[in-house]
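Single-letter residue listing:
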Amino acid sequence: QVQLVESGGGLVQAGGSLRLSCAASGRTFSSYAMGWFRQAPGKEREFVAAINWSGSSPYYVDFVKGRFTISRDNAKNMVFLQMNSLKPEDTAVYYCAASESRYPSSYALSGFSYWGQGTQVTVSS
């Protein structure tokens, strides 16, 4: 069982930056691939980024490539999402998720077994 708690969301102007953090409980954190998803009002939850168990292989959806960076610190049971050059369309609730495999088996929601409660990111124009 893994429990995930996100933090770091907030209100930022377009072009600004935010760093989201996800604190995980459980001794097996370092064995799990981790991901970030987001859900905007009236839209389905969508994949943003993922990272394998060691942090050596990040994966990004096209619309955040070059702007967002996912990383992890297994010693601290933390995963991060650095978001730069934010746009109003990045406004959403951002969710941290854990997959019970070392590499993401899927970028769909079904590929992740554990979810945090989310943190709101609002980008003003």
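Further up the page is the structure itself.
The sections below set out a description of the structure shown in this document. (Residues numbered from 1 in each chain as written. Predicted model: local features only at pLDDT ≥ 70, side-chain atom pairs only at ≥ 80, totals over all residues. Heavy atoms only, no water.)

Of regular secondary structure, the protein possesses zero helices and eleven strands. In sequence order, the protein lays out its α and β elements as β-β-β-β-β-β-β-β-β-β-β. Computed over its C-alpha atoms, the radius of gyration of the protein comes to 13 Å, within 12% of the 14 Å expected for a compact globule of 125 residues. C-alpha extents for the protein along the principal axes are approximately 40 × 25 × 25 Å. Expressed as a percentage of the 125 residues in the protein, the buried residues total 43%. A sequence separation of at least 24 residues applies to 58% of the contacts in the protein between residues at least 6 apart. (Helix = DSSP H or I, 4+ residues; strand = E, 2+ residues; numbered from the N terminus. Rg over C-alpha atoms; globule rule 2.2 N^0.38 Å. Buried < 20%, exposed > 50% of the residue type's maximum accessible area, 1.4 Å probe, protein only. Contact = heavy atoms within 4.5 Å.)

Here we take up the environment of glycine 111. Within the element layout of this structure, glycine 111 appears in the loop between strand S9 (92–99) and strand S10 (114–115). By relative accessible area, glycine 111 is classed as buried at 9%. Taking the C-alpha atoms as reference points, glycine 111 and leucine 11, separated by 100 residues in sequence, lie 30 Å from one another. Every residue in contact with glycine 111, bar those within four places of it in the chain, is listed here: Ser99, Ser105 and Ser106.

Turning our attention to the sheet that holds strand S8 (residues 78–83). Reading across the sheet, the four strands line up as S1-S3-S8-S7 and stay open at both edges, with antiparallel pairing between neighbours. Strand pairing shows two members of the sheet lacking a second neighbour, strand S1 (4–7) and strand S7 (68–73), which therefore form its edges. Averaged over all pairs of adjacent strands, the angle between their axes in this sheet comes to 15°, without regard to strand direction. As paired elements, S1 and strand S3 (residues 18–24) share four bridges and run antiparallel to each other. Along S3, the bridge assignment pairs valine 5 with alanine 23. (Pairing = 2+ DSSP bridges. Axes fitted to C-alpha atoms, helices over the stretch in contact; angles between N-to-C directions.)

Before going further, it helps to spend a moment on the nonpolar core. Considering soluble globular proteins, one finds that nonpolar side chains tend to be buried as a cluster. Residues Leu4, Met34, Trp36, Leu81, Met83 and Tyr94 are the most contacted members of the largest nonpolar core, which totals 34 residues. Listed by contribution, the elements that provide at least two residues to this core are S3, strand S4 (33–39), strand S5 (46–51), S7, S8, S9 and strand S11 (119–124). (Core = buried A, V, L, I, M, F, W, Y, C linked by side-chain atoms within 4.5 Å.)

With that out of the way, let us pick up the pattern of salt bridges. Per the counting criterion, the structure on display carries four salt bridges. The partner of lysine 65 in a salt bridge is aspartate 62, and the shortest N-O contact between them spans 3.2 Å. Among the residues examined, aspartate 62 registers a relative accessible area of 61% and is labelled exposed. Among the salt bridges present, the one from aspartate 90 reaches arginine 67, with a minimum N-O distance of 2.7 Å. With a gap of 23 residues between them, aspartate 90 in the loop between S8 and S9 and arginine 67 in the loop between strand S6 (58–60) and S7 connect regions that are remote in the sequence. A cluster of three or more residues bridged by salt bridges with shared partners is formed by Arg38, Glu46, Arg67 and Asp90. (Salt bridge = Lys/Arg side-chain N within 4 Å of Asp/Glu carboxyl O.)

The subject of this paragraph is the pairing of S7. Alternating residues of S7 divide into Phe68, Ile70 and Arg72, all buried, and Thr69, Ser71 and Asp73, none buried. Examined bridge by bridge, S7 and S8 share six bridges and lie antiparallel to one another. Its bridge partner lying in S8, serine 71 is registered against phenylalanine 80. Hairpin remark: S7 followed by S8, antiparallel, with four residues in the connecting loop; positive phi at asparagine 77, about 55°.

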